[in-house]
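Here are the chains, one letter per residue:
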Amino acid sequence: MIKHIAMFKFKAFESDEKEKIYQERLVNAFDGLENKIPEIKFLQIGFDQLKSDASYDFIVNVDIENLDALSVYAQHPDHVKAAEVIKEMAIDRKVIDYEF
């Protein structure tokens, strides 16, 4: 199995309300993705709670069968659509893919 973890730091939001609306869009973009993309064995997303200088704002945590399946997942149209929502606000990204 491959664990794929992607962390994102976002631009500053104009208001708490705009941040909340954007977070809801992200939740909707990832909702049910594990049912649409068969390569996903586990999917979890989350938002940072501490908001420290070292924190990233959003995480995608996915388990995939193998590296070939990871490539299929990355190119799947539903994943690409969710990634487009992330790209609207992301200013930095960190990714790790490891075998477990």
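Look up: the structure comes first, before these words.
This write-up is about the structure you can find in this document.

Calculation criteria
Residues numbered from 1 in each chain as written. Predicted model: local features only at pLDDT ≥ 70, side-chain atom pairs only at ≥ 80, totals over all residues. Heavy atoms only, no water. Helix = DSSP H or I, 4+ residues; strand = E, 2+ residues; numbered from the N terminus. Rg over C-alpha atoms; globule rule 2.2 N^0.38 Å. Buried < 20%, exposed > 50% of the residue type's maximum accessible area, 1.4 Å probe, protein only. Areas by Shrake-Rupley, 256 points an atom, 1.4 Å probe, with all protein chains shown as cover. Lys, Arg positive; Asp, Glu negative; His and termini not counted. Charge placed at Lys NZ, Arg CZ, Asp CG, Glu CD. Polar contact = N/O pair within 3.5 Å; in protein donor to acceptor, adjacent residues only side chain to side chain. Contact = heavy atoms within 4.5 Å. Patch = residues over 30% accessible without salt bridge, like charges linked within 9 Å, V, L, I, M, F, W, Y side chains within 5 Å. Salt bridge = Lys/Arg side-chain N within 4 Å of Asp/Glu carboxyl O. Pairing = 2+ DSSP bridges. Axes fitted to C-alpha atoms, helices over the stretch in contact; angles between N-to-C directions.

## Digging into the overall build of the chain
If you tally the helices and strands in the chain, you get four helices and four strands. Secondary structure elements in the chain, listed N-terminal to C-terminal, are β-α-α-β-β-α-α-β. Computed over its C-alpha atoms, the radius of gyration of the chain comes to 14 Å, within 12% of the 13 Å expected for a compact globule of 100 residues. Overall, the C-alpha framework of the chain stretches about 40 × 25 × 20 Å when taken along its three principal axes. With 100 residues in all, the chain has 34% of them scored as buried. For the chain, the exposed area adds up to about 6,500 Å²; of that, 51% sits on carbon and sulfur atoms. Side chains of the chain carry 13 positive and 20 negative charges; the gap between the two charge centres is 3 Å.

## Here's the deal with the side chain of His 4
Relative to the helices and strands, His 4 is located in strand S1 (residues 2–10). One polar contact links His 4 to Asp 97, side chain to side chain, over a distance of 2.5 Å. If sequence neighbours within four positions are ignored, His 4 has contacts with Val 60, Asn 61, Val 62, Leu 70, Tyr 73, Val 95, Ile 96 and Asp 97.

## Side note on a nonpolar patch on the surface
Together, Ile 96, Tyr 98 and Phe 100 give the surface a local cluster of nonpolar side chains, amounting to about 300 Å² of exposed area. One can find Tyr 98 in strand S4 (residues 90–99).

## Some points on the environment of Asp 48
Examined against the element boundaries, Asp 48 turns out to sit in the loop between strand S2 (40–47) and strand S3 (58–64). Residues Asp 48 and Ile 59, 11 residues apart in the sequence, show an inter-C-alpha distance of 8.1 Å. Excluding residues that lie within four positions of it along the chain, Asp 48 makes contacts with Ser 55, Tyr 56 and Asp 57. Within the structure, the side chain of Asp 48 is placed 2.5 Å from the backbone nitrogen of Lys 51, a separation counted as a polar contact. A distance of 3.3 Å separates polar atoms of two side chains, one belonging to Asp 48 and the other to Ser 55.

## Description of unusual backbone geometry
Generally, phi is negative for residues other than glycine and the peptide bonds are trans, each holding for most cases. Positive phi outside glycine occurs at Lys 51, with the angle close to 55 degrees. Its location among the elements puts Lys 51 in the loop between S2 and S3.

## Focus: the sheet that holds S2
Strand order in the open sheet formed by four strands is S2-S3-S1-S4, and the pairing between neighbours is antiparallel. Bordering the open sheet on either side are S2 and S4, each of which pairs with just one other strand. Averaged over all adjacent pairs, the angle separating strand axes in this sheet is 10 degrees, with direction ignored. Two strands pair when backbone bridges link them, and S1 and S4 are joined in this way by nine bridges, in the antiparallel orientation. Following the sheet pairing, Ala 6 is matched in S4 by Val 95. Seen against the sheet, helix H1 (residues 16–30) touches S1, S2 and S3 and runs at an angle of roughly 175 degrees to S2.

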